[in-house]
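# Summary of structural features
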Amino acid sequence: MISIIIFAVLLLVGFGYFAMNVGKIRSNILMGRDVDRSDNKGERLKVMTLIALGQKKMFKRPVPAILHFCLYAAFVITQIELIEIIADGLSGEHRLFRPALGGFYTFMISFIEVLSVLAFIATFIFLARRNLIKVPRLNMKEMKGWPKLDGNLILVMELILITFIFMMNGADEVLYAKGASHAENLGDGSLGFAITQYVGPALFGGMSESTLMMIERIGWWGHIVMVFSFLNYLPFSKHFHIILAFPNTFYSNLKPKGQLTNMESVMKEVKMMMDPDADPYAAPAEPEGEIQRFGAKDVEDLTWKNLLDAYTCTECGRCTDNCPANQTGKLLSPRKIMMDTRDRLDEKGEAIRKHGKGHDDGKSLLNDYITEEELWACTSCNACVEACPVNIDPLSIIMDMRRYLVMEESKVPTELAGMISNIENNGAPWQFSPEDRINWRDEA
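Residues numbered from 1 in each chain as written. Predicted model: local features only at pLDDT ≥ 70, side-chain atom pairs only at ≥ 80, totals over all residues. Heavy atoms only, no water.

### Regarding the overall build of the protein chain
- Within the protein chain, the secondary structure is distributed over 20 helices and 0 strands.
- In terms of overall size, the protein chain is more extended than a compact globule, its C-alpha atoms giving a radius of gyration of 28 Å where 444 residues would be expected to give roughly 22 Å.
- With respect to the principal axes defined by its C-alpha atoms, the protein chain has extents near 100 × 55 × 40 Å.
- Considering the protein chain as a whole, with its 444 residues, one finds that 44% of them fall into the buried category.
- Considering only contacts within the protein chain whose residues lie at least 6 apart along the sequence, 77% involve residues at least 24 apart.
- Taken as a whole, the protein chain presents about 23400 Å² of accessible surface, with 63% of it coming from carbon and sulfur.
- Of the side-chain charges in the protein chain, 46 are positive and 54 negative, and the distance between the mean point of each set is 4 Å. (Helix = DSSP H or I, 4+ residues; strand = E, 2+ residues; numbered from the N terminus. Rg over C-alpha atoms; globule rule 2.2 N^0.38 Å. Buried < 20%, exposed > 50% of the residue type's maximum accessible area, 1.4 Å probe, protein only. Contact = heavy atoms within 4.5 Å. Areas by Shrake-Rupley, 256 points an atom, 1.4 Å probe, with all protein chains shown as cover. Lys, Arg positive; Asp, Glu negative; His and termini not counted. Charge placed at Lys NZ, Arg CZ, Asp CG, Glu CD.)

Shown next as structure tokens:
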């Protein structure tokens, strides 16, 4: 009875704390401007299925994709066993589903064990790629400190979790063969799980029943404690993409890459100017609601989808690895843009919860986190958008921040100022009048 109470408290605290932190992240995301992504639900479901569930874009690099898929599949399928552990913990039973499911139960646990072994191998390889081989995109300057520790921590937690699973199943296998397991239908024989029916006797075969009971209980409790630890670590980690990848891909931008957004208020003014029937002396229409800033200076000027992108970023570095500006030594790193946006959003959200909605901490995403040099280094080629395995769009944030610099602060690099002036005066980037455009023909 005491164990049931302890488990129930652990369950409530674990899920309660997780829900509280998810609520904070949700409120942070909703700080962003509204954008409609409710159209084409069928197409959106297709994109989510292929990109988030099927990991289609990951397989452009087959080796890391297969390793990642092993981890991903193990994480998803293992949740089936977690359901049983929760049921066992609340009921005081052990392997509650086994009598009802019979052979299917053995198959499912065996399948989970095979996936766990593959995940165990993949985890060691990922640790080696980060710390021994030191893959360049995983060791760039923005990955120093916490980002590197974060990546390693989650992999170590995965190893510990898998170890507890095999401690639990391996010891239980030997106990069952001795007729001393907690499981129902005790008797000589084997649980028949694919891996532990061999590993269990090899590791624990010579131990006493009391020792085996202790190992099995350590494995059981260790497993559930690691699950809750992992669950509550996610909101503070880049690994929250495990959950957010699904809504993020569902709300992907389905428009052609390269099609930039326009501010509705500006479009209305331009259309009025271009309308030959419009009254030239008519006063401009009053903006509805709060006056919208031109472009983005801080996180609340971005859309909620941009902010969802920031929390979904996996920090894999594929965007930066494919960025031509970064490859030529420019300061821009699309991954850093997303990491900076998430860091600023966390800071801003915490300040608002502490001091109220109107609080100004004197900081902004522009300049305090992202520099003008980074923004103007972007070639707007969409390579980062194409490379992202979960359809994150760093370019959208970059363009909105550029828009703010140009339209609100009139800051334009010298190289662009001349071109913009020529377009305004001559209708083309070149410094000669429209009447002279065809002169090249007469020079032949």
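### Thoughts on the pattern of salt bridges
- Summed over the entire model, instances satisfying the criterion amount to 23 salt bridges.
- Taking the shortest distance from any N to any O, the salt bridge between D321 and R61 comes out at 2.9 Å. In this pair, D321 is assigned in helix 12 (residues 318–322) and R61 in the loop between helix 2 (41–53) and helix 3 (62–91), connecting sequence segments 260 residues apart.
- Given the relative accessible area of 30%, D321 is considered partly exposed.
- Here D340 ties to K336 by a salt bridge, and the two come within 2.5 Å at their closest N and O atoms. (Salt bridge = Lys/Arg side-chain N within 4 Å of Asp/Glu carboxyl O.)

### Topic: unusual backbone geometry
- Its identity is not glycine, yet R95 carries a phi of approximately 50°, on the positive side.
- Its place among the elements puts R95 in the loop between helix 3 and helix 4 (98–101).
- Residue class for R95 comes out buried when judged on its relative accessible area of 4%.
- Phi at K134 takes a positive value of approximately 55°, unusual for a residue other than glycine.

### Brief notes about the nonpolar core
- Counting residues in hydrophobic clusters, the biggest one holds 77 residues, and the most contacted among them are I224, L332, I337, M338, L375 and M401.
- If you tally residues by element for this core, the top one is helix 6 (residues 146–177), at 9 residues.
- Setting aside anything within four residues of it in sequence, one finds I224 in contact with F7, L10, L82 and I85.
- Counting 7 residues, the second-largest nonpolar core is a separate cluster that includes A171, L175, F204 and L212. (Core = buried A, V, L, I, M, F, W, Y, C linked by side-chain atoms within 4.5 Å.)

### A short note on the packing of aromatic side chains
- Under the defined criterion, the tally for this structure stands at 14 aromatic pairs.
- With a centroid separation of 6.3 Å and an interplanar angle of 35°, the aromatic rings of F104 and F107 are classed as tilted. Here F107 and F104 lie together in helix 5 (residues 103–131), a separation of 3 residues that amounts to about one turn.
- The interplanar angle of 50° and the centroid separation of 6.3 Å between the aromatic rings of Y105 and F193 together place this pair among those described as tilted. Here the residue Y105 occupies a position in helix 5, and F193 occupies one in the loop between helix 6 and helix 7 (196–204), the gap between them amounting to 88 residues. The same class applies to Y105 and to F193, which are both buried. (Phe/Tyr/Trp six-rings, centres within 6.5 Å; stacked < 30°, edge-to-face > 60°.)

### Focus: the packing of helix 2 against helix 9 (residues 241–250)
- Relative orientation of the contacting elements helix 2 and helix 9 amounts to 145°, with a least axis distance of 8 Å. Note that helix 2 runs across helix 9; the crossing there is right-handed. Between helix 2, through K41, R44, L45, V47, M48, I51, A52 and L53, and helix 9, the contact on the second element is made entirely by A245, F246, T249 and F250. (Axes fitted to C-alpha atoms, helices over the stretch in contact; angles between N-to-C directions. Left-handed = near helix turned anticlockwise from the far one by under 90°.)

### So, the environment of I85
- For I85, the position within the fold is in helix 3.
- With a relative accessible area of 3%, I85 lands in the buried category.
- Excluding anything up to four places from it in sequence, I85 contacts F7, M168, W220, H223 and I224.

### Overview of the side chain of K305
- Checked against the element boundaries, K305 lands in helix 11 (residues 304–312).
- Excluding anything up to four places from it in sequence, K305 contacts V35, R37, N248, Y251, S252 and N391.

### Quick notes on the environment of N131
- With respect to the element layout, N131 can be found in helix 5.
- Among the residues examined, N131 registers a relative accessible area of 26% and is labelled partly exposed.
- In the structure, N131 is positioned 21 residues away from N152 in sequence and 8.7 Å away in space, judged by C-alpha atoms.
- Apart from the residues within four sequence positions on either side, N131 is in contact with K148 and N152.
- Of note is the side chain of N131, whose polar atom sits 2.9 Å from the backbone oxygen of L127. (Polar contact = N/O pair within 3.5 Å; in protein donor to acceptor, adjacent residues only side chain to side chain.)

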